[in-house]
Amino acid sequence: MTMMMMMNRREEVDSRLLRLCRALPKVELHAHLNGCVRPSTLLELAEECSRRGLLSLSDFQAAVIVKEDRSMEECFQLFGLIHLLTTDHCILTRITKEVIEDFAAENVVYLELRTTPKRNEAVGMTKRSYVEAVLAGIKAASTELSLDSYFDHKEDNIECPSQRYQRKANPQIHVRLLLSIDRRETLEAAMETVHLAWEMRDLGVVGVDLSGNPCIGDWETFLPALKWARQHGLPITLHCGEVPNPREVEAMLAFQPERVGHACFLESPDLSTLLANRIPVEICLTSNLLTNSVQRVRDHHFGALYNANHPVVLCTDDPGVFSISLSYEYALVSTHFGLSSLELLHLSRNAIEFTFAEDRLKQMLQSFFDGAKYAAE
Ligand code: 6MZ
């Protein structure tokens, strides 16, 4: 039994197709760090906490293992539990490194990881030291996987890994970080996050996200922080329309973020605004299915956006929590929307343009994909 047993609505995909999707080079732009933690690591951390009398292992197992169906509210309760286990400097460094290794093993060549900087007075953690611990994890993964050494030699030329599609045994992944504002936070806390993002822009932080339980809070609370980020040149992605909230969706789209996540509940004028402004959408198909934002894969708005040639990128959201992988999401769209392997490759390549990475890296990734394209043809 997997630790995070998921709801029975999770769709099966053909194993050959899944293998093909695993071999495909991919770009991940919407993955929450604490939603990506390996189940085996969570269990190990829970056992350790239980030994120290900090939590009851059986309660943790009941919440995480036994549960087969999980509402959106329960999903956010689970994050509360995960945060209890992971909000510590060494653990953050460890989980960041493991998450990167897992995405690299999936042939993800560019990962834009996001996380909400948190304080934890019990371990002397500030928002800044939280981000530093995550960056240490990125650096540790970079050293171990011999990745692009952005964090050591930012000015060096990065060699184009165009042979990588055939050399999957030694995956190469480029990682950048987004700092998230949680909808439960105060404006003051959000301000601290955007200031940190700006101060750490030379260390791999490339933008700002607004996320958290979509049923809580009002996005306008954070508008001054988001405007400050924009004035300072930081690109912004907003969780938008994950639950029905027409007033908020309209205002978010009028703000014209550089990207939006989810976009499940858009009324027709909002859809027109999205399409007219060509705002790229981070598609989180299984996440939307399992949290009931969408009822069936084939009804997912991915189909309409893709057919309208609107910018979309397939993402996982929380692969640890939902027991999925990015390869699985590609296999799902191939199965339900009939995309060929070449169309999947184009879908993945097109995502490079919507990353918040520096132009030089974008160009390098594009030429890598162009090399891979011939291998797929
Ligand atoms: C909105 C989500 C989310 O930041 O602690 N998060 N926000 N919608 C979702 N759909 C399911 N999934 C995750 O990662 C966990 C945090 O990411 C956000 C929530 O704020 C959650 O607490 P970090 O690394």
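### Section: the overall build of the protein
When helices and strands are tallied, the protein shows 16 helices and 8 strands. The burial tally for the protein puts 56% of its 377 residues in the buried class. Accessible area for the protein stands at about 15,500 Å²; split by element, carbon and sulfur atoms hold 50% of it.

### Digging into the site of the ligand
Inspection of the region around the ligand gives 17 residues, with H83, T115, K118, E242 and D318 positioned closest. A distance of 3.0 Å separates an oxygen atom of the ligand from a polar backbone atom of N34. Take D318: an N or O atom from its side chain is 2.7 Å from a nitrogen atom of the ligand. Within the complex, the protein chains bury 99% of what would otherwise be the 510 Å² of accessible surface of the ligand. For the shell around the ligand, the element with the most residues is helix α4 (residues 72-86), which contributes 3 residues. Residues of the shell around the ligand, tallied by class, amount to 3 nonpolar, 9 polar and 5 charged.

### Some thoughts on helix α5 (residues 89-105)
The terminal C-alpha atoms of α5 lie 25 Å apart, and with 17 residues this matches the ideal 24 Å at 1.5 Å per residue to within 8%. Listing the buried residues of α5 in full gives I91, L92, I95, T96, E98, V99, I100, E101, F103 and A104. The N-cap residue of α5 is D88: its side-chain oxygen and the backbone nitrogen of C90 are 3.2 Å apart. Residue N107 follows α5 closely and has a positive phi angle near 70°.

### Points about the nonpolar core
With 114 residues, the main nonpolar core has L111, V131, L177, I181, L226 and F302 as its most contacted residues. Ignoring any residue separated from it by four or fewer positions in sequence, one finds V131 in contact with P117, L177, L179, L196, M200 and V205.

### Digging into the packing of aromatic side chains
The tally for this structure, following the rule as stated, stands at 6 aromatic pairs. A ring pair is formed by W219 and F255, whose centres lie 5.8 Å apart and whose planes are at 70°; its orientation type is edge-to-face. Here the residue W219 occupies a position in the loop between β4 (205-211) and α8 (223-231), and F255 occupies one in helix α9 (residues 246-255), the gap between them amounting to 36 residues. With a relative accessible area of 11%, F255 lands in the buried category. Within the aromatic cluster, the residues linked to one another by ring pairs are F302, Y306 and F337.

### Some remarks on the pattern of salt bridges
Scanning the model with the defined rule gives 23 salt bridges in all. Salt-bridge contacts for R94 lead to E98; the nearest nitrogen and oxygen are separated by 2.9 Å. Here E98 and R94 lie together in helix α5, a separation of 4 residues that amounts to about one turn. The buried category is assigned to E98, whose relative accessible area is 10%. The partner of R128 in a salt bridge is E199, with the nearest N and O atoms 2.3 Å apart. Of this pair, R128 sits in helix α6 (residues 127-144) while E199 sits in helix α7 (residues 187-199), placing them 71 residues apart in sequence. One salt-bridge network, in which partners are shared between bridges, spans R38, E44, R94, K97, E98, E101 and D102.

### Let's talk about the side chain of S327
Structurally, the position occupied by S327 is in helix α14 (residues 326-337). Apart from residues lying up to four places away in sequence, S327 is in contact with L18, C21, R22, K26 and E106.

### Topic: the confidence of the model for the protein
Taken residue by residue, the protein gives an average pLDDT of 89. The fraction at 70 or more is 87%. Counting interchain partners and residues more than four positions distant, the pLDDT-below-50 stretch residues 1-7 has 29 contacts. Taken as a whole, residues 148-170 scores under 50 in pLDDT and shows 51 contacts with residues more than four places along the chain or in a different chain. Among the prediction metrics, the complex's ipTM stands at 1.00, with pTM recorded as 0.91.

### Section: the pairing of β4
In the case of a regular strand, side chains alternate between the two sheet surfaces. Taken across its 7 residues, β4 has 7 buried, putting it largely inside the fold. Bridging between strand β3 (residues 174-182) and β4 involves 6 bridges; their strand directions are parallel. When the sheet's bridge partners are listed, L177 is paired in β4 with V205. In terms of handedness, the path from β3 via α7 over to β4 forms a crossover that is right-handed. Where β4 meets strand β5 (residues 236-240), 3 bridges bridge the pair, whose relative direction is parallel. Opposite D209, over in β5, you have T237 as the bridge partner. Following the chain from β4 across α8 to the adjacent parallel β5, one finds a crossover that is right-handed.

### Remarks on the sheet that holds strand β1 (residues 26-32)
In spatial order, the strands read β1-β2-β3-β4-β5-β6-β7-β8; together these 8 strands make up an open sheet with parallel pairing. Because the sheet does not close on itself, it has two edges, and the strands there are β1 and β8 (312-314). In this sheet, neighbouring strand axes are inclined to one another by 25° on average, regardless of whether the strands run parallel or antiparallel. On top of the sheet, α14 reaches β1, β2 (108-115) and β8; it is set at about 110° to β1, its chief contact.

Conventions adopted
- Residues numbered from 1 in each chain as written.
- Predicted model: local features only at pLDDT ≥ 70, side-chain atom pairs only at ≥ 80, totals over all residues.
- Heavy atoms only, no water.
- Helix = DSSP H or I, 4+ residues; strand = E, 2+ residues; numbered from the N terminus.
- Buried < 20%, exposed > 50% of the residue type's maximum accessible area, 1.4 Å probe, protein only.
- Areas by Shrake-Rupley, 256 points an atom, 1.4 Å probe, with all protein chains shown as cover.
- Near = heavy atom within 4 Å.
- Polar contact = N/O pair within 3.5 Å; in protein donor to acceptor, adjacent residues only side chain to side chain.
- Nonpolar A, V, L, I, M, F, W, Y, C, P; charged D, E, K, R; others polar.
- Expected span 1.5 Å × (residues − 1).
- Core = buried A, V, L, I, M, F, W, Y, C linked by side-chain atoms within 4.5 Å.
- Contact = heavy atoms within 4.5 Å.
- Phe/Tyr/Trp six-rings, centres within 6.5 Å; stacked < 30°, edge-to-face > 60°.
- Salt bridge = Lys/Arg side-chain N within 4 Å of Asp/Glu carboxyl O.
- pLDDT = per-residue confidence, 0-100.
- Pairing = 2+ DSSP bridges.
- Right-handed = clockwise from strand over helix to strand, strands pointing away.
- Axes fitted to C-alpha atoms, helices over the stretch in contact; angles between N-to-C directions.

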